[in-house]
Amino acid sequence: MYRQWVLTALLAWPVLAAVVVLLAPVRWAKHVALAASLVEFAISVPLWWTFAPAEGMQFMLDVSWIPSWGIRYTVGVDGISLFMVLLTTFLVPLSVLGSYAYITTRERGFYALMLVLTTGMIGVFVALDLYFIIGVWGGERRLYAAIKFFVYTFFGSLLMLVAILALVYLVGQRTGVYSFSYAHLTAHIGGLGSLAFWLFGAFFLAFAIKVPMFPFHTWLPDAHVEAPTAGSVLLAGVLLKMGTYGFLRFALPLFPTVALHPAVQRAIVALSLIGILYGGLVAMVQPDFKKLIAYSSVAHLGFVMLGIWALTLQSVQGALLVMINHGISTGALFFLAGMLYERRHSRLIEAFGGIAKVVPLLAAVLTIVSLSSIGLPATNGFVGEFLVLLGTFQTYPLPAIIATAGVIVAAMYLLPALQRVIFNPLDKPVNAKLADLSLREIAVLVPLVACILWIGVYPKPILQRMEPSARQLIQSVRLNAASFTAAR
């Protein structure tokens, strides 16, 4: 019973809880949201033990929804989407708890939308049939950031919607069955000819904006800086992964001949390398700590894209690990930036200095998280990026060597920022009175630090669960690309 209904429960529960939050007294809104998100996490945890790595798509439920349009309610997870679901349910309760002191207006609306957003995020990762939070509770330029975010992502999504409709029509014309089923479309994707390039282009643009890849990244720093802490955490931890997940789940399997076309491969690898180096170099000159973290996301997700397009087992597993690790480490950095902001009401790096003497717990956690983001061995960041570079070297030796410079650049922007925030002289009297981490803040950060160290020291359980799905993806994409090319 659990295997059949768990994904539907994960989708339905947050929406039901959101209604309760809206009806509850204001003073209870955050507590109800926290309890609901913890229940959501508890529902998802058994996925870890009940998932069988070698069995492909699991926990599936497939029922007819709108038969006349070929639309079905089909959900399921494999070794690729499993960890995105678990990452989402893990980060949401931490984001709710981390918002307790930050969100003081329209609390019911904020927490209700957090829960509804949970359903939307999980829906992306489990669907097998083809942002107000920033706008209301963000910073001074929140409306500008929200509108920019909406325009960018809406434009890309609209193009992809047109491409999906065209794909369903073209496959339906050839097979006589008009269906949005992922399995049906992937089984009949040959014979698209030159149209495949146009359809892939629409998917590419939609996902590239969501990643975001260079040069489609300009909405990201504004969205991160103006979002409340929880918004930044979920944006970095989950929402950006919708783009990279989209490439893995849809763009590559649906259009293998285009994705593996030499010109397309060269272009995407080049954009990934630019993103790795550009994101790091721009982060180096940011005076705003939150904006520095935002630009670091461009660099980290460049590693993900490089690993995906290298299309070796190590690089794809590495890309998936970087997706998970980025959500944990960068999410923790945004939590810490928010905690510093609550104490000083400033995001500027120069507003701090020498606070390790005053807030030793916060300084220790910030050091560990920063080192994990850089990719220090024995932390989660090292494992993912090492696998990406190792796997990429087999396919693209020179780009792998160039990408290694991104690790050096990461140290060049995070270590000086860390020194200026916590290790320089304590020359501002106001900083001498800062409060160290509260019990609530410790409760938010300890699970993240535990994951950073666990994945860094012992990533084997994660790699074992994702390996069969990653291997199957690579084989099917390469096989389909070769067969469609030979059939021309």
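Here the structure is shown first, and the text comes after it.
For every chain, the first residue of its written sequence is number 1, and the numbers climb from 1 along that sequence. Thresholds applied to this predicted model are a pLDDT of at least 70 for local features of residues and 80 or more for the giving and counting of side-chain atom pairs; totals over whole chains, interfaces and linings are not thresholded and use all residues. Heavy atoms throughout the structure, all of them, feed into the side-chain values; hydrogens and water do not.

**Student:** I'd like a description of the packing of aromatic side chains, backed by residues and values.
**Tutor:** Two rings from Phe, Tyr or Trp (for Trp, the six-membered ring) form a pair when their centres are within 6.5 Å of each other. A pair whose planes differ by under 30 degrees is stacked, one over 60 is edge-to-face, and the rest are tilted. Tallied over the entire structure, the rule returns 16 aromatic pairs. A centroid spacing of 6.2 Å and a plane angle of 50 degrees characterise the contact between Phe 41 and Phe 90, whose relative ring orientation is tilted. Linking Phe 41 in helix H2 (residues 26-44) with Phe 90 in helix H4 (residues 82-98), this pair joins segments that are 49 residues apart in sequence. Between Phe 247 and Trp 309, the ring centres sit 5.4 Å apart and the planes meet at 85 degrees, which makes this aromatic pair edge-to-face. Helical segments are the DSSP runs of H or I of at least four residues, strand segments are the runs of E of at least two, and each set is numbered from the N terminus.

**Student:** I'd like a description of helix H12 (residues 241-254), backed by residues and values.
**Tutor:** An ideal rise of 1.5 Å per residue puts 20 Å on 14 residues; H12 measures up with 19 Å between its terminal C-alpha atoms. What the bend at a residue measures is the angle between two axes, fitted to the seven residues ending there and to the seven starting there. A maximum bend of about 40 degrees is found in H12 at Phe 247. The buried label goes to any residue with under 20% of its type's maximum accessible area, the exposed label to any with over 50%, and the partly exposed label to all in between, with areas taken from a 1.4 Å probe on protein chains only. The element H12 is largely enclosed, with a buried count of 14 among its 14 residues. Helix span, as expected, comes to 1.5 Å for every residue beyond the first.

**Student:** An account of helix H15 (residues 289-310) is needed here, citing residue identities and associated values.
**Tutor:** For an α-helix, the turn length of 3.6 residues means that residues three or four places apart are oriented alike. If you check H15, its first and last C-alpha atoms are 32 Å apart, about what 22 residues at 1.5 Å a residue would give, namely 32 Å. Summarising burial for H15: 21 of the 22 residues are buried, a large majority. The definition of a polar contact used here is a pair of N or O atoms within 3.5 Å, where within protein one atom must be able to donate a hydrogen and the other to accept one, and adjacent residues in sequence count solely through side-chain atom pairs. The N-capping residue of H15, defined by a side-chain oxygen 2.8 Å from the backbone nitrogen of Lys 290, is Asp 288. Trailing H15 by a residue or two, Leu 311 shows a phi angle of about 55 degrees, which is positive.

**Student:** Report on the environment of Gly 275, specifying residues and quantitative values.
**Tutor:** You can see Gly 275 is positioned in helix H14 (residues 262-284). On the basis of relative accessible area, Gly 275 is assigned to the buried category, the value being 3%. Each C-alpha atom, one on Gly 275 and one on Gly 406, is 9.4 Å from the other, the two residues being 131 residues apart in sequence. Every residue pair with non-hydrogen atoms within 4.5 Å of one another is taken to be in contact. Ignoring any residue separated from it by four or fewer positions in sequence, one finds Gly 275 in contact with Phe 214, Val 298 and Ala 299.

**Student:** Before we move on, could you go through the environment of Phe 303 and cite the residues and values that matter?
**Tutor:** Within the secondary structure, Phe 303 sits in helix H15. Separated by 47 residues in sequence, Phe 303 and Pro 256 have C-alpha atoms that sit 21 Å apart. Ignoring sequence-local partners within four residues, the contact set of Phe 303 consists of Ile 276, Glu 385, Val 388, Leu 389, Ala 403 and Val 407.

**Student:** Describe the pattern of salt bridges, and please don't skip the residues or the numbers.
**Tutor:** What makes a salt bridge here is a side-chain nitrogen of Lys or Arg within 4 Å of a carboxyl oxygen of Asp or Glu, nothing more. In the structure shown here, the tally under the stated rule is 5 salt bridges. Across the pair Asp 288 and Arg 347 runs a salt bridge, and its minimum N-O distance is 3.1 Å. You can see Asp 288 sitting in the loop between H14 and H15 and its partner Arg 347 sitting in the loop between helix H16 (313-344) and helix H17 (360-374), a full 59 residues away along the chain. Looking at Arg 347, the relative accessible area reads 26%, which means it is partly exposed. With its nearest N and O atoms 2.5 Å apart, the salt bridge here joins Glu 467 to Arg 471. Residue Glu 467 and its partner Arg 471 are located together in helix H21 (residues 460-487), separated by 4 residues, close to a single helical turn. Residue Glu 467 is classed as partly exposed on the basis of its relative accessible area of 28%.

**Student:** Please give an account of unusual backbone geometry that cites residues and values.
**Tutor:** Omega for the peptide link from Val 211 to Pro 212 comes to -10 degrees, which places this bond in the cis form. With respect to the helices, strands and loops of the structure, Pro 212 is situated in the loop between helix H9 (195-210) and helix H10 (219-226). Going from Phe 214 to Pro 215, the amide bond is cis rather than trans, its omega being 5 degrees. Within the fold, Pro 215 resides in the loop between H9 and H10. A positive phi angle, close to 55 degrees, is found at Leu 311, a residue other than glycine. Not every positive phi belongs to a glycine, and Ala 378 is a case in point at roughly 80 degrees. Tracing the chain through its elements places Ala 378 in the loop between H17 and helix H18 (380-395).

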